[in-house]
Amino acid sequence: MKERRLQFLRPEEIIEERRKNALIFLPVGPLEWHGPHLPLGVDPLRAEAAALYLARRLGGLVLPTLFIGTERERSPEMLRSIGFSGAEYIVGMDFPANSLASLYFREETLAVVMRDFLEMLVEKWLFEKIVIVNGHGGENHLAVLVRLQKEFNARKCCRVLMVMPTLNYPRGAWSHATMEETATLMALYPSTVKLEALPSPKKKLANVGWAIVDDLTFRGRPTADHTVRRKEDPRLAKKDAGRRLWTETLQQLVSFLRKELNGEK
Ligand SMILES: [Zn+2]
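Please read all numbers here as calculations on a predicted model, not as lab measurements. (Residues numbered from 1 in each chain as written. Predicted model: local features only at pLDDT ≥ 70, side-chain atom pairs only at ≥ 80, totals over all residues. Heavy atoms only, no water.)

Of the volumes computed, that of the largest pocket is approximately 670 Å³. What lines the largest pocket is a set of 36 residues, and nearest its centre among them are G137, G138, E139, L142 and W174. Among the secondary structure elements, those contributing two or more residues to the lining of the largest pocket are α2 (42–58), α5 (139–154) and α6 (179–188). By residue number, the principal contributor to the lining of the largest pocket is α5, which donates 3 residues. For the lining of the largest pocket, the residue count by class is 11 nonpolar, 13 polar and 12 charged. Put simply, the second largest pocket is a space of about 270 Å³. Taken together, 17 residues form the lining of the second largest pocket, with L167, M179, E180, E232 and L245 sitting closest to its centre. (1 Å grid on protein atoms, 1.4 Å probe; cavity = no way out; pocket = protein on both sides within 12 Å on 5 of 7 lines; lining within 4 Å. Points joined across faces, edges and corners; volume = space filled by probe spheres on them. Helix = DSSP H or I, 4+ residues; strand = E, 2+ residues; numbered from the N terminus. Nonpolar A, V, L, I, M, F, W, Y, C, P; charged D, E, K, R; others polar.)

Set out below in C-alpha cells:
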C-alpha cells in the first residue's frame, strides 16, 4: 500500500501527491485520562487511525499526529450532572480520584499551534483542503478548532474542515471512556485495553470515581445515582463489536467528506 504518512515521504513524493489531490489530514487529540482500563492516547490514536483510513479512501496525505488538546473548568450544572456538588474546580476529565493527570495544553497554546500548522500548510505547502481529524470533545477545544476553521474558510484560500471519529458525526455522542471508545481501542490496539482494571460488572460505575461518563449525563440527564448506563458500560465492550462500530464510523466519515469536499451526493 502506498505510504500516506507525510513524515516518511521525500519532497517529490509530496509534490506529486499534492498535484493529484491537494488534500491533507491533521490528526489531533490530547493525552488524557480515559479510566484505568484505557491508554492515555485514546483520542489522538483514534484520530490518527481514522485519518490514515480516510487518506487511503479519499487520497491526500496525513501529517504526524499532534498529541495536544485543551480543556477548561466545568460549569456547576455539568458538575452536578456528573455527581459532584457543583462547587468544585475540575478541569476536563481530571477528577480528584484519578491516579494520573491529563496533559491538557492551555487553550491559547492549542490555538497558536493549530494556527501555525494551518498557515504553513496553506502558505508554504499550498494545500487547498485541510481536514482536522479531531479525537477530543472538550467544549473549548472544539471552539478553538471551529473558530480557526471559520476564519480560514472566510479567507477563500482553502477549505478547512473538522471531523471527529465518532458514530453519526456531526450529531455524534459525547460519552467519555465508555463502550464506544473502549470497543474501538480493543479493535485497533487490543493489547492496550485492560478491562480487569475496572471493578466487576456487577458493581455500577460511579462517574465521579472513575471519570467515565456517558452521553446523556454530559447532556444534563444523569441516572439517579450518577453511574454509567449499562448500554454504555465499558466493561461490556467487545472487540468484534468495536471493529464493526469503527468500520461504520469511518464509512460515514468517507461519505460526509466526499459530500463536503467534492460536492458529491
Ligand atoms: Zn476520548
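Turning next to α6. Across the 10 residues that make up α6, a large majority, 8, are buried. As for α6, its buried residues are in contact with α2 and α9 (239–262). (Buried < 20%, exposed > 50% of the residue type's maximum accessible area, 1.4 Å probe, protein only. Contact = heavy atoms within 4.5 Å.)

The strands that make up a sheet are held in pairs by hydrogen bonds between backbone atoms, and each pair lies either parallel or antiparallel. One open sheet accounts for 4 strands, arranged β2-β1-β3-β4; its pairing is parallel. With partners counted over all chains shown, the strands left at the sheet margins are β2 (61–62) and β4 (159–163), one partner each. Note: strand β1 (residues 23–28) against β2, 2 bridges, orientation parallel. Following the sheet pairing, I24 is matched in β2 by L61. With respect to the sheet, α2 is in contact with β1, β2 and β3 (129–134), its orientation differing from that of β1 by roughly 165 degrees. (Pairing = 2+ DSSP bridges. Axes fitted to C-alpha atoms, helices over the stretch in contact; angles between N-to-C directions.)

As a further point, take unusual backbone geometry. Backbone torsion omega between Y169 and P170 reads 5 degrees, so that peptide bond is classified as cis. One non-glycine residue, L126, lies in the positive phi region at around 60 degrees. L126 sits in the partly exposed class, given a relative accessible area of 49%. Positioned with a positive phi, A177 is a non-glycine residue whose angle comes to about 65 degrees. Counting through the fold element by element, A177 comes out in the loop between β4 and α6. Given the relative accessible area of 0%, A177 is considered buried.

At a closest axis distance of 7 Å, the pairing of α6 and α9 adopts a crossing angle of 95 degrees. Classified by the angle their axes make, α6 and α9 are roughly perpendicular. Contacts from E180, A183, T184, M186, A187 and L188 in α6 reach K239, G242, R243, L245 and W246 in α9. Here the contact of α6 with α9 is composed, by residue class, of 6 nonpolar, 2 polar and 3 charged. (Parallel < 35°, antiparallel > 145°, perpendicular 65-115°, else oblique.)

Another point: the packing of α2 against α9. In contact at an axis separation of 10 Å, α2 and α9 are set at 55 degrees when each is read in the N-to-C sense. Relative to α9, the element α2 is oriented oblique. Where α2 crosses over α9, the handedness of that crossing is right-handed. Packed against α2, whose contacting residues are R46, A49, A50, Y53, L54, R57 and L58, the element α9 presents W246, L250, Q251, L253, V254, L257 and R258 at the interface. Residue composition of the contact of α2 with α9, by class: 10 nonpolar, 1 polar and 3 charged. (Left-handed = near helix turned anticlockwise from the far one by under 90°.)

Okay, the pattern of salt bridges next. Working definition: two side chains of opposite charge can pair if their charged atoms are close together. In the structure shown here, the tally under the stated rule is 17 salt bridges. Here E17 makes a salt bridge to K2, at a shortest N to O gap of 3.4 Å. One end of the pair, E17, is in helix α1 (residues 11–20); the other, K2, is in the segment before α1, and 15 residues separate them in sequence. Judged by its relative accessible area of 4%, E17 is buried. (Salt bridge = Lys/Arg side-chain N within 4 Å of Asp/Glu carboxyl O.)

The next point concerns the pairing of β4. β4 sits mainly inside the fold: 4 of its 5 residues count as buried. Two elements, β3 and β4, share 5 bridges in a ladder whose sense is parallel. Looking across to β4, one finds that I132 is bridged to M162. Tracing the backbone out of β3, into α5 and back to the parallel element β4 gives a crossover that is right-handed. (Right-handed = clockwise from strand over helix to strand, strands pointing away.)

Bound to the zinc ion are the protein donor atoms H34 (NE2), D43 (OD) and E181 (OE), situated 2.0 to 2.2 Å from the metal. Under the relative-accessibility criterion, H34 is labelled buried at 0%. Residue E181 is classed as buried on the basis of its relative accessible area of 8%. (Donors = N, O, S within 2.8 Å, 3.2 Å for Na, K, Ca; no water.)

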